[in-house]
Amino acid sequence: MKVLIRRGFNALDSLFSKAFTPAWNPMYQLGAMSFFYFWIVAATGVYLFIFFETSISGAHASMEYISVEQWYLAGIMRSFHRYASAAMGICVTLHLLREYARDRYSGVRWFSWVSGIPLLWLLFASAIGGYWLVWDVQAQYIAITTAQWFDWLPIMVDPMASNFLNEATLSDRFFSLLVFLHIGIPLSLLLGMFIHIKRISGARTNPAKGLAAGTLLAMLAVSLWQPALSQAPANLDVAVTEIGLDWIFLNPYPLISSWGPGQTWALLVGLSCFLTILPWLPSRREQQTPVAVVDPENCNGCGWCLADCPYEAVTMKEHDYKKGHQQSVVDPNLCISCGICAGACPSSSPFRHVDELTTGISIPGFHIKELLSLTENKLSELGTDEPRIMVYGCDHGSVVDSMASNSVASISMPCTALVPPAFIDYVLRKELAEGVMISGCCEGDCHYRLGNEWMDQRFSKERMPILRTRVPRDKVRIRWLGEQGTKQLGLEVKEFQAHLLENVQADVQLDLVKIAEASNG
Amino acid sequence: MDKAVHYLAQALMYALFFVPLVYISHLPTHHHMDDDVAVLKVAIRHPGKIIGECTSVIAGEGHGMRPAAMQRVTEICPRERSPLQLELIIDGETLYHATIPATGLHSDGISSMYQQFTVPTGPHHLQLRMNDDVAVDGYTWQLDQDIELQPAQVMVANFKEGFRLQ
Ligand code: HEM
Ligand code: SF4
Ligand code: SF4
């Protein structure tokens, strides 16, 4: 099942990347899109509230004013309010499925996963409350069915249903409570959203500008084409028979009447509990390897690892024994063992004159000295008929193991950002290989959130440690193609070799010309 | 040109996202109830009779005070209320029969219930009976009435010093 969902996402990712480019791909920023839609709903909600009549007798008429008389502004706001909520519902659901399918919910990620579950309830409660306030026949259906649902709970002293008996006994009291809840619940949702991303450094809460602009335009078009309207006004003296229903947020409601309130509670609470314990259920996904370890002897306190850790696991403290210096510390409860910090540490340089390479911070599961010995050993086994390529890849992106050949060496690790730029310099300077290919997850969709972004920035010298200027850029390639791009990467490695061969031949020719010129002169 | 194709593709993707979204936000319609039935809602909020009687205690005797003060009477009253026995019979068939306990820690609050029934449209004979006093055998309140229910009509039976149909 997980594999199926993952394949589905792979297909969607590729499709969206083609149309939107990876930087704008909404699939890579579903959390940020959810935030974006939330802000739209919040802003339009404030405007709608100005015209909304908070009484049960005036509510429907005031919504008619909004949609009919002031269609050009309040009406459009209303459509934005409704469709952004619906879009948020869909984005959040996709976000959940995606984190699940990509195995991004266990280990230290449990906090984000578990704190996401109450957000689902709050989001649904916010949306249902909104539909209730319109007080049309759908709202009447919501009122009666919610009452039936809650009255099943033994905690209800006075049946909620007695608030909605008929027109004669209807009062504003309960309605005022609803208005209050429709402000309070979304505020709790917002608070919950901030708690949700608390353990993530630099969480992406804003989508790419182009995507945001496109979304607003699309919503404007939709709002003009199909403005959000009310259904017929509620009349409690006439039972609800057939109504239009929002199937995104009200999908549990038909269950309540056809299946029973108790069963619906069991299903939804059961599902939430299941989701809550999911990160700890046994599964075939990889187990977390030991967390990063700091070696104070090799730490100079520069803080680069802190700047690059995607999970806020690194902090700085006073050095264990070097007075006036700092050193990094890893919180084992937050570290996800990605190794990105090892790639950031200036001590991870193979040029250092030491017997055995050590560094300031590294993960025991894939120590930097292992990266060095693997690199040297694998490259020394290659033939020299063709340009030799070192392919660095990660365990979550394009599968590089299968690419190894007589002229290609490949190493897979938790995250390619574990490779310090100095390694690339080293491989080329020592002529261990003619080219280095860096691969990994899709651009913008790093399994450890920021790996490929940091790598790009180190190469473009925007981020420490940089790839030094002396490294010839045509001998290094970065291709973020993801798992689904494995085949493509294989082709690109071949193409890279051909390109290097051309260069070599050109160089040889140049040399020959020089030699000829020298002998002539 | 290339850019135009890109934007066109994006427009298509936005449409593929929003058009279905707009539709499922109100369609297909949901069939909640058939047209040829009506709804009878029974909602009773009523305190049962207190179980037992008050006993008087005369306080402040023989302390040399004035007679008026001496004769202050304190009553000790039980607080527990009778549960309600409620029965609904339509065309001779019992649809509902239940005991509704008084609320509150000491069973001293009101009894409160809500139930709804779907009933075919047309003429019916409706009977509601209630006992609110454990000291009395049989029913203390009754309603017998012929009714005619219209399609999708909501009829409410509640209680205020006697059963009432609305
Ligand atoms: C209102 C609803 C939600 C919003 C606005 C939201 C937003 C976000 C954002 C902005 C991130 C950070 C993304 C990044 O920068 O890498 C995130 C991460 C995450 N979310 Fe949500 N989320 C919501 C609901 C949920 C739900 C329902 C679940 C699952 C039960 C969930 C699971 C996760 C997980 C596991 C991560 C961590 C991903 C990682 O560490 O790589 N979220 N969310
Ligand atoms: S291994 Fe990853 S999560 Fe752990 S400290 Fe290093 S960068 Fe942070
Ligand atoms: S990057 Fe290395 S040297 Fe700098 S603080 Fe972290 S462990 Fe220490």
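Residues numbered from 1 in each chain as written. Chains lettered and ligands numbered in written order. Predicted model: local features only at pLDDT ≥ 70, side-chain atom pairs only at ≥ 80, totals over all residues. Heavy atoms only, no water.

Caption draft 1: Geometry of the domain arrangement of chain A. All names here are of chain A. Here chain A is partitioned into domain 1 (2-280) and domain 2 (293-512). For domain 1 and domain 2, the distance between their C-alpha centres works out to 44 Å. The interface is formed by 19 residues belonging to domain 1 together with 19 residues belonging to domain 2. Summed over both partners, the interface of domain 1 with domain 2 buries about 1600 Å², with 42% contributed by carbon and sulfur atoms. Area buried by domain 1 at its contact with domain 2 is led by Val108, Arg109 and Ser201, which between them contribute 36% of it. Inspection of the domain 1/domain 2 interface yields three salt bridges. Taken together, the links from domain 1 to domain 2 amount to 11 residue pairs in polar contact (both at pLDDT 80 or more). If one sorts the elements of the side of domain 1 that touches domain 2 by residue count, helix α1 (residues 2-24) sits on top with five residues. Tallied by class, residues from the side of domain 1 that touches domain 2 come to five nonpolar, four polar and 10 charged. (Domains from an automatic or database assignment. Contact = heavy atoms within 4.5 Å. Buried area = accessible area lost by both parts, 1.4 Å probe. Salt bridge = Lys/Arg side-chain N within 4 Å of Asp/Glu carboxyl O. Polar contact = N/O pair within 3.5 Å; in protein donor to acceptor, adjacent residues only side chain to side chain. Helix = DSSP H or I, 4+ residues; strand = E, 2+ residues; numbered from the N terminus. Nonpolar A, V, L, I, M, F, W, Y, C, P; charged D, E, K, R; others polar.)

Caption draft 2: Region of the structure containing a negative patch on the surface. On the surface, A:Glu242, B:Asp34, B:Asp35 and B:Asp36 cluster together to form a negatively charged patch. Mapped onto the elements, B:Asp36 comes out in the loop between β1 (30-31) and β2 (37-46). (Patch = residues over 30% accessible without salt bridge, like charges linked within 9 Å, V, L, I, M, F, W, Y side chains within 5 Å. Areas by Shrake-Rupley, 256 points an atom, 1.4 Å probe, with all protein chains shown as cover. Lys, Arg positive; Asp, Glu negative; His and termini not counted. Charge placed at Lys NZ, Arg CZ, Asp CG, Glu CD.)

Caption draft 3: Quick look at the nonpolar core. If you look at the biggest cluster of nonpolar residues, it comprises 54 residues, and the most contacted ones within it are A:Tyr37, A:Met88, A:Met193, A:Met219 and B:Phe18. Where this core is concerned, the elements lending two or more residues are α1, α2 (30-51), α4 (71-101), α5 (110-133), α7 (172-196) and α8 (209-225) of chain A together with α1 (2-24) of chain B. Looking at this core element by element, the count peaks at 11 residues for α4(A). Those residues in contact with B:Phe18, other than ones at most four positions away along the chain, are A:Tyr37, A:Ala87, A:Thr215, A:Ala218, A:Met219 and A:Val222. Counting residues in hydrophobic clusters, the runner-up holds 53 residues, among them A:Cys338, A:Met413, A:Val419 and A:Leu450. (Core = buried A, V, L, I, M, F, W, Y, C linked by side-chain atoms within 4.5 Å. Buried < 20%, exposed > 50% of the residue type's maximum accessible area, 1.4 Å probe, protein only.)

Caption draft 4: Inspection of the interface of chain A and chain B at higher detail. Counting residues at the interface gives 48 residues for chain A and 39 residues for chain B. For the chain A face of the interface with chain B, the top three residues by lost area are A:Leu165, A:Thr241 and A:Trp247, together amounting to 16%. The interface formed by chain A and chain B contains one salt bridge. A salt bridge links B:Arg45 to A:Asp158, with the nearest nitrogen and oxygen atoms 2.2 Å apart. For the pair chain A and chain B, the number of links is 20 residue pairs in polar contact (both at pLDDT 80 or more). The set of elements that each furnish at least two residues to the side of chain A that touches chain B consists of α1, α4, α6 (137-151), α8, β1 (242-243) and α9 (253-259) of chain A. Sorting elements by how many residues they give to the side of chain A that touches chain B places α8(A) first, with eight residues. Along the lines of polarity and charge, the residues of the side of chain A that touches chain B split into 33 nonpolar, 10 polar and five charged. The sheet contact formed by β1(A) and β1(B) spans two bridges and is antiparallel. Its bridge partner lying in β1(B), A:Glu242 is registered against B:His31. (Pairing = 2+ DSSP bridges.)

Caption draft 5: Spotlight on the environment of A:Phe175. Residue and element names in this part refer to chain A. By secondary structure assignment, the location of Phe175 is in helix α7. Among the residues examined, Phe175 registers a relative accessible area of 2% and is labelled buried. Here the alpha-carbon distance between Phe175 and Asn163, two residues 12 residues apart in the chain, equals 9.4 Å. Leaving out residues up to four positions away in the same chain, Phe175 has contacts with Phe52, Thr54, Ser55, Ile56, Ala59, Trp132, Leu133 and Trp135.

Caption draft 6: Up close: the pattern of salt bridges. Residues and elements named next belong to chain A. A full pass over the atoms with the stated rule returns 17 salt bridges over all chains. Arg98 is the salt-bridge partner of Asp445, the closest N and O atoms lying 2.7 Å from each other. Taken together, the residues Asp445 in the loop between β8 (435-439) and α15 (451-459) and Arg98 in helix α4 connect sequence positions 347 residues apart. Considered together, Asp445 and Arg98 belong to a single accessibility category, that of buried residues. Look at the salt bridges and you will find they share partners, linking Asp13, Arg98, Arg102, Arg104 and Asp445 into a network.

Caption draft 7: Quick look at the packing of aromatic side chains. Residue and element names in this part refer to chain A. Taken as a whole and assessed by the stated rule, the structure comprises 28 aromatic pairs over all chains. Relative to Tyr253, the ring of Tyr141 has its centre 6.3 Å away and its plane inclined at 55 degrees; by these criteria the two rings are tilted. Highlighted residues: Tyr141 in helix α6 and Tyr253 in helix α9, separated in sequence by 112 residues. For the pair Tyr141 and Tyr253, a shared accessibility class is recorded, and that class is buried. Feature note: the residues Trp132, Trp135, Phe164, Phe174 and Phe175 constitute an aromatic cluster, connected by ring pairs. Taking NZ or CZ as reference, Arg470 lies 5.5 Å from the ring centre of Phe351, over its face. (Phe/Tyr/Trp six-rings, centres within 6.5 Å; stacked < 30°, edge-to-face > 60°. Lys NZ or Arg CZ within 6 Å of the ring centre and 35° of its normal.)

Caption draft 8: Inspection of the coordination of the iron atom of ligand 1 at higher detail. Residue and element names in this part refer to chain A. Looking at the iron atom of ligand 1, the protein donor atoms are His95 (NE2) and His196 (NE2), and they sit 2.0 Å from it. Classification of the site at the iron atom of ligand 1 rests on its six donor atoms, whose angles at the metal span 85 to 180 degrees, yielding the label octahedral. One end of the pair, His95, is in helix α4; the other, His196, is in helix α7, and 101 residues separate them in sequence. (Donors = N, O, S within 2.8 Å, 3.2 Å for Na, K, Ca; no water. Tetrahedral: all angles 85-135°; square planar, octahedral: opposite > 155°, others 65-115°.)

Caption draft 9: Examining the domain arrangement of chain B more closely. What the domain assignment lists for chain B is domain 1 (1-30) and domain 2 (31-50 + 81-165). The distance between the C-alpha centroids of domain 1 of chain B and domain 2 of chain B comes to 52 Å.

Caption draft 10: Up close: helix α10 (residues 261-277) of chain A. With 17 residues, α10(A) ought to run about 24 Å at 1.5 Å a step, and its terminal C-alpha atoms sit 24 Å apart, in line with that. Buried within α10(A) we find A:Pro261, A:Gly262, A:Thr264, A:Trp265, A:Leu268, A:Ser272 and A:Leu275. (Expected span 1.5 Å × (residues − 1).)

Caption draft 11: Seen up close, α1(A). The end-to-end C-alpha separation of α1(A) is 25 Å, well short of the 33 Å expected for 23 residues at 1.5 Å each. Bending of α1(A) peaks at approximately 95 degrees at the position of A:Lys18, with proline A:Pro22 no more than four residues after it. Where α1(A) is buried, its residues contact α4 and α8 of chain A together with α1 of chain B. (Bend = angle between axes of the 7 residues up to and from the residue.)

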